[in-house]
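What follows is the residue order along each chain.
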Amino acid sequence: MTAQEAGRKSVGGPVSVRPLREADLDRADEIVRVAFGTFLGVPDPFGTADYVRTRFAADPHAAFAATVDGELAGSNFAANWGSVGFFGPLTVRPDLWDHGVGKSLMEPIMGCFETWGSSHLGLFTFSHSPKHLELYRRYGFWPRFLTAVMRKQVAARGAVPARVTYAGLSAADRPDYLSACRALTDAVYEGLDLEREIVAVHAQGLGDTVLLPGESGLDGLAVCHCGPGSEAGADVCFVKFGAVRPGRQAGDRFERLLDACEQLAAERGLGQLEAGMNLGRPDAYQRMVARGFRTGLQGVTMHRPNEPGYSHPDAYVIDDWR
């Protein structure tokens, strides 16, 4: 009998679910690292990146803990992007795998989406894991295109004309820019709204949001995490979400947005630029490959309902729903 099997046999009480608390964060972070590390066969896949404290701080009411015998067993987080909602990371202590903890952590998440009125739901998971795919399929999620998490070395580039950042705006100008961001993302997908991410990144000092004003409103935006303690980790600028105004010349606007993200990374002294790209957006993906982005991690996004959302050939969006 392995140590893990012995641990599983020793489980006594039922699974309980409650809101995640600030006092839980250190242990929740440990479980995230051990769970992913065990599954992937690496000591710590996250390094100096932080997915627990950042997501808890962004919305403590959408963070949940599972306990067994009074001990923390796992956690899960929901994100509200207007009409779009996604969740993760959902993690469970390896000694409690296959004991229904993951299922228990799905219930309050689905409750969040119902309360928010989210119309398109999603998640990122391992495409090669039947166990993961089956768990989420039970809740109506369906696997669609692969999503590549890509990186490139930051290169010196000229300044992007008219680029501004959210942190660089005056307090008086920020509401107007947030309205412009909503107009842009609503044009990409009805009801899509990144205000919570933009404000959370600024409030927590995790990075910045790049903004590209244009003649007809905002041409592009990119919510970027920078360096250790954020979801990027040391020496990395991670584009958590990016989008450009759809329509004619969207591809050119996308190139400009990538330039602006790389400029931010260089200004922060970061050596790598990371961005997720759903392969349902083939032209955007191919443009990133042509720039030197290479895939380091590949998974699949699962959607509820089984529709593309904003992952279609005419969309120039960066994200990965991890």
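So, a few notes on the structure that sits alongside this text. Keep in mind the model is a prediction, meaning the values are calculated, not measured.

**What about the packing of aromatic side chains?**
Item 1. This model, assessed by the stated rule, comprises 14 aromatic pairs.
Item 2. Taking the centre distance of 6.0 Å and the plane angle of 65° together, the rings of F113 and W116 count as edge-to-face. Separated by three residues within a single helix, F113 and W116 lie in helix 4 (residues 101-116), roughly one turn from each other.
Item 3. Take F113: its relative accessible area is 3%, and that puts it in the buried class.
Item 4. Members of the aromatic cluster, each reached through a chain of ring pairs, are W81, F86, Y189, F241, Y310 and W321.
Item 5. Cation over ring: R174 sits above Y166, and NZ or CZ is 5.1 Å from the ring centre.

**A short note on the pairing of strand 13 (residues 294-304)**
Item 1. For strand 6 (residues 120-125) and strand 13, the ladder comprises five bridges, and the chain directions are antiparallel. Considered in strand 13, the bridge of L123 is made with M302.
Item 2. Here eight bridges tie strand 7 (residues 142-153) to strand 13, and the two strands are oriented antiparallel to one another. Among the inter-strand pairings, L146 is bridged to a residue of strand 13, identified as V300.

**With respect to helix 4**
Item 1. Between the first and last C-alpha of helix 4 there are 24 Å, a value that for 16 residues agrees with the 22 Å anticipated at 1.5 Å per step.
Item 2. By the burial criterion, the buried members of helix 4 are V101, G102, L105, M106, P108, I109, M110, C112 and F113.
Item 3. G117 sits one or two residues past helix 4 and shows a positive phi near 75°.

**Focus on unusual backbone geometry**
Item 1. Cis geometry marks the peptide bond from G88 to P89, where omega comes out at 0°.
Item 2. Residue P305 follows R304 across a cis peptide bond; omega there is 0°.
Item 3. By the secondary structure assignment, P305 is in the loop between strand 13 and strand 14 (317-318).
Item 4. The backbone phi angle of D98 is positive, close to 70°, even though this residue is not glycine.
Item 5. Looking at the element boundaries, D98 is found in the loop between strand 5 (91-92) and helix 4.

**A short note on the environment of D69**
Item 1. Of note, D69 is situated in the loop between strand 2 (63-68) and strand 3 (71-81).
Item 2. Given a relative accessible area of 51%, D69 falls into the exposed group.
Item 3. Among the polar contacts listed, one links the side chain of D69 to the backbone nitrogen of G13, at a separation of 2.7 Å.

**Things to note about the environment of R253**
Item 1. One can find R253 in helix 8 (residues 250-267).
Item 2. Measuring from C-alpha to C-alpha, the distance between R253 and G220 comes to 7.1 Å, with 33 residues separating the pair along the chain.
Item 3. With near-sequence residues (within four places) excluded, R253 lies in contact with L212, D219, V244, R245, P246, G247 and R248.
Item 4. Polar side-chain contacts of R253 include one of 3.3 Å to the backbone oxygen of P246.
Item 5. A distance of 2.9 Å separates a polar side-chain atom of R253 from the backbone oxygen of R248.

**Quick notes on the packing of helix 8 against helix 9 (residues 282-290)**
Item 1. Two elements in contact, helix 8 and helix 9, have axes whose closest approach is 11 Å; the angle formed by their N-to-C orientations is 40°. Compared by their axis directions, helix 8 and helix 9 come out oblique. By crossing handedness, the relation of helix 8 to helix 9 is classed as right-handed. Listed contacts from helix 9 to G251, D252, F254, E255 and L258 of helix 8 are A284, R287 and M288.
Item 2. Per-class residue counts for the contact of helix 8 with helix 9 are four nonpolar, one polar and three charged.

**What to know about the side chain of R291**
Item 1. By the secondary structure assignment, R291 is in the loop between helix 9 and strand 13.
Item 2. Apart from the residues within four sequence positions on either side, R291 is in contact with K152, R157, E255, L258, D259 and E262.

**Observations concerning the pairing of strand 9 (residues 207-214)**
Item 1. Across the eight residues of strand 9, six count as buried, placing the element largely inside the fold.
Item 2. Of the pairings in the sheet, the one linking strand 8 (residues 164-165) to strand 9 comprises two bridges and is antiparallel in character. Looking across to strand 9, one finds that T165 is bridged to V210.
Item 3. Note: strand 9 against strand 10 (residues 217-227), eight bridges, orientation antiparallel. Bridging from a neighbouring strand, L212 pairs with G220 of strand 10.

**Observations regarding helix 2 (residues 25-40)**
Item 1. Here helix 2 contains 16 residues, and its C-alpha end-to-end distance of 22 Å stays within 8% of the 22 Å for a straight helix at 1.5 Å per residue.
Item 2. Of all the positions in helix 2, only L25, A28, D29, I31, V32, R33, A35, F36 and G37 are classed as buried.
Item 3. Contact partners of the buried residues in helix 2: helix 3 (52-58), strand 3 and strand 5.
Item 4. Taken from the residues just after helix 2, G41 is the one with a positive phi, measuring 75°.

What counts, and at which threshold
In this numbering scheme, every chain counts its residues from 1 along its sequence in written order. For a predicted model such as this one, the threshold for reporting local features is a pLDDT of at least 70, and the threshold for listing and counting side-chain atom pairs is 80 or more; totals across whole chains, interfaces and linings nevertheless cover every residue. With hydrogens and water set aside, each side-chain value is computed from the structure's full complement of heavy atoms. By convention, a stacked pair of Phe, Tyr or Trp rings (six-membered ring in the case of Trp) has centres within 6.5 Å and planes under 30 degrees apart, an edge-to-face pair has planes over 60 apart, and any other such pair is tilted. Helix and strand labels come from DSSP, where a helix needs a run of H or I of at least four residues and a strand needs a run of E of at least two; each type is numbered from the N terminus. The buried label applies to any residue whose accessible area, calculated with a 1.4 Å probe on protein chains only, is under 20% of its type's maximum; exposed applies above 50%, and partly exposed to all values in between. Two conditions define a charge located above a ring, namely a distance within 6 Å from the ring centre to NZ of Lys or CZ of Arg, and an angle within 35 degrees of the ring normal. Two strands form a pair only when DSSP identifies at least two bridges running between them. How far a helix is expected to stretch is found by multiplying one less than its residue total by 1.5 Å. Side-chain atoms alone can form a polar contact between residues adjacent in sequence; in general such a contact is a pair of N or O atoms within 3.5 Å, and within protein one must be able to donate a hydrogen while the other accepts it. Contact criterion: two residues are considered in contact whenever any of their non-hydrogen atoms come within 4.5 Å of each other. Orientation is described by lines fitted to C-alpha atoms, with helices fitted over the stretch in contact, and by angles between N-to-C directions that extend from 0 to 180 degrees. Just so you know how the angles are binned, under 35 degrees is roughly parallel, over 145 roughly antiparallel, 65 to 115 roughly perpendicular, and the rest oblique. Helix crossings fall into two classes, left-handed where the near helix is turned counterclockwise from the far one by less than a right angle and right-handed where it is turned clockwise. Side-chain classes are defined by residue name, with Ala, Val, Leu, Ile, Met, Phe, Trp, Tyr, Cys and Pro counting as nonpolar, Asp, Glu, Lys and Arg as charged, and the others, Gly among them, as polar.

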